[in-house]
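Below, each chain spelled out in residue letters.
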Amino acid sequence: MKDKIISGFYKKNKQEKVEWLAEHYFANDPTLLAELQSFAHANQDLQKIFDGFSENTLANYYMPYGVAPNFLIDEQLYAVPMVIEESSVVAAAASAAKFWLQRGGFQTKIISTTKLGQLHFSWSGPSHELQAVFEDLKVVLRQDAAPITANMEKRGGGILDIELLDFTAVEADYYQLKVSFETCDSMGANFINSVLESFGATLRRFAATHPQLRSYPLEVIMAILSNYTPDCIVRAQVACPTELLDDACKDMDGPTFAEKFRKAVRIAQIDPFRATTHNKGIFNGVDAVILATGNDFRAIEAGGHAYAAASGQYKSLSDCKIEDGIFTVWLDFPLAVGTVGGLTKLHPLAKRSLELLGQPSAPQLMSIIAATGLAQNFAAVRSLVTTGIQKGHMKMHLMNILNFLAASDTEIKASQQHFEKETISFNAVRAYLEMLRSASVKSV
Ligand code: MEV
């Protein structure tokens with residue numbers, strides 16, 4: 001085990017890194033280097049950019065870049081770019097988009113765009129002393145951070161508010177500055193963190209010199225944005241009379257389908273086990289667009305799941321109602337995204353995605369992402385309450401199985417035809433291919 005410990009790995013060049021890994025983890029596999037090199041981009045300048053996104057990069061890890069057309073969102077038609085490896089997701093989004101295209105499309109509303117950050121600190125003096133100087137402190141915090149905020153203010157954003165929160169009842173001496181921000185078209189992580197770190201330095205100095213504070217030590221614990229953004233919310237919705245849902249399913253009329261769908265969403269409101277899977281379906285769509293547009297899917301996942309648990313119980317992020325014969329499904333979603341900064345212009349495909357979407361503002365991108373999440377949710381629940389998901393899922397997965405089993409073009413064609421009517425499973429496909437292959441050997 002000891003020989004696998006290394007320091008300064010990052011100092012090795014790419015080839016040396018791979019050679020070291022080959023020796024220590026791949027039994028000196030002589031093919032490893034060439035294999036990893038085969039994933040490099042032919043354009044070396046571009047490869048340099050990809051390598052720059054991370055540390056210790058060895059190769060590029062490919063993910064499919066697809067598109068779901070026919071998304072009517074707020075009267076505008078979009079082809080939505082999606083990066084995802086799960087075979088049925090883009091097909092499901094495209095099918096839901098087409099379904100709602102004929103029923104008025106997706107309506108969205110930006111409810112708020114405020115982002116949050118926190119400066120955590122401890123101070124052992126009496127809290128009323130801190131409260132008493134807080135208004136003065138706020139002025140100095142803003143003044144000191146002015147060089148960082150000036151540009152954002154020119155774009156219409158900046159610091160919105162600074163609150164002092166007293167947590168000393170639950171943790172001795174612990175306080176927090178909770179700061180709200182408007183970051184316009186950027187996701188704002190760097191901006192927020194820079195402001196908060198400037199606040200940290202100011203607070204330390206302020207406390208060390210202020211006559212009312214300086215007799216007690218103040219310690220800045222940490223300064224960081226919060227990925228929980230319950231004030232950065234978009235609502236996406238689809239609605240139509242239940243009779244217009246007649247062709248949602250072969251075996252049910254529209255009103256029956258609507259009621260079964262409503263119940264399925266209700267179950268995800270009641271039961272966290274179902275809610276988790278239900279929300280995973282929403283994130284299938286959300287994450288795919290987040291990735292395609294160069295945004296941070298971990299931030300969106302963390303914030304989305306925290307929001308789903310905001311009531312104290314983890315619940316469905318979408319909701320459904322039937323009122324006066326109108327079926328409505330909607331989604332309130334926290335989405336702190338950016339259309340400038342980060343990877344958005346650096347990653348060539350993220351750049352193309354934003355071009356495909358008509359260079360949206362961050363709020364417009366929030367709408368597109370929420371609509372895609374809702375489409376995905378509609379498609380998943382529709383399948384679940386009608387045919388079950390395996391039919392569509394395995395149909396899409398058939399190609400993966402065939403590729404895994406190294407099927408030829410002729411075998412693929414024959415298998416696709418055969419499995420139109422048969423249940424698809426790995427074993428069934430393997431057996432069918434074996435049958436095809438032994439039949440062709442016999443005929444030679
Ligand atoms: C699969 O990736 C997503 C679903 O499980 C979502 C759901 O159950 O609602 C189909």
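Refer to the preceding data block for the structure.
In this text, all values refer to a predicted model and were calculated from it rather than measured experimentally.

Caption draft 1: Spatial organisation of the nonpolar core. Judged by nonpolar contacts, the single largest core of 61 residues is most densely connected at Phe 71, Phe 333 and Leu 335. No other element matches the 12 residues that helix H11 (residues 362-385) contributes to this core. Filtering out sequence-adjacent residues up to four positions away, Leu 335 remains in contact with Thr 229, Cys 232, Val 234, Val 286, Ile 290, Ile 300, Met 366, Ile 369 and Ala 370. Listed in part, the 32 residues of the second largest apolar core include Tyr 175, Phe 191, Phe 199 and Leu 213.

Caption draft 2: Region of the structure containing helix H4 (residues 89-101). Over its 13 residues, H4 runs 18 Å from end to end, which matches the ideal 18 Å to within 8%, given 1.5 Å per residue. Considered for burial, the residues of H4 that qualify are Val 89, Ala 93, Ala 96, Ala 97, Phe 99 and Trp 100. In an axial view of H4, the angular spread of the buried residues amounts to 160°, which keeps them on one side of the axis. Tucked inside the fold, the buried residues of H4 contact strand S1 (65-73), strand S2 (76-83), strand S8 (232-241), helix H8 (272-292), strand S10 (326-334) and H11.

Caption draft 3: Representation of the packing of aromatic side chains in the model. Scanning the model with the defined rule gives 21 aromatic pairs in all. Ring plane angle 50° and centroid distance 6.5 Å describe the contact between Phe 257 and Phe 327, whose orientation is recorded as tilted. In this pair, Phe 257 is assigned in helix H7 (residues 254-270) and Phe 327 in strand S10, connecting sequence segments 70 residues apart. Each member of the pair, Phe 257 as well as Phe 327, carries the same accessibility label: buried.

Caption draft 4: Seen up close, the sheet that holds S8. One open sheet accounts for 4 strands, arranged S3-S8-S10-S9; its pairing is antiparallel. Every interior strand has two partners, whereas the edge strands, strand S3 (107-113) and strand S9 (318-323), have only one. For this sheet, the mean angle separating the axes of adjacent strands, direction not counted, is 20°. Against the sheet, H8 touches S9 and S10, its axis set at about 70° to S10. Running over the sheet, H11 touches S3, S8, S9 and S10 and is turned about 50° from S8.

Calculation criteria
Residues numbered from 1 in each chain as written. Predicted model: local features only at pLDDT ≥ 70, side-chain atom pairs only at ≥ 80, totals over all residues. Heavy atoms only, no water. Core = buried A, V, L, I, M, F, W, Y, C linked by side-chain atoms within 4.5 Å. Buried < 20%, exposed > 50% of the residue type's maximum accessible area, 1.4 Å probe, protein only. Helix = DSSP H or I, 4+ residues; strand = E, 2+ residues; numbered from the N terminus. Contact = heavy atoms within 4.5 Å. Expected span 1.5 Å × (residues − 1). Arc of directions from axis to C-beta. Phe/Tyr/Trp six-rings, centres within 6.5 Å; stacked < 30°, edge-to-face > 60°. Pairing = 2+ DSSP bridges. Axes fitted to C-alpha atoms, helices over the stretch in contact; angles between N-to-C directions.

Remember that the coordinates give geometry; whether it matters functionally is a separate question.
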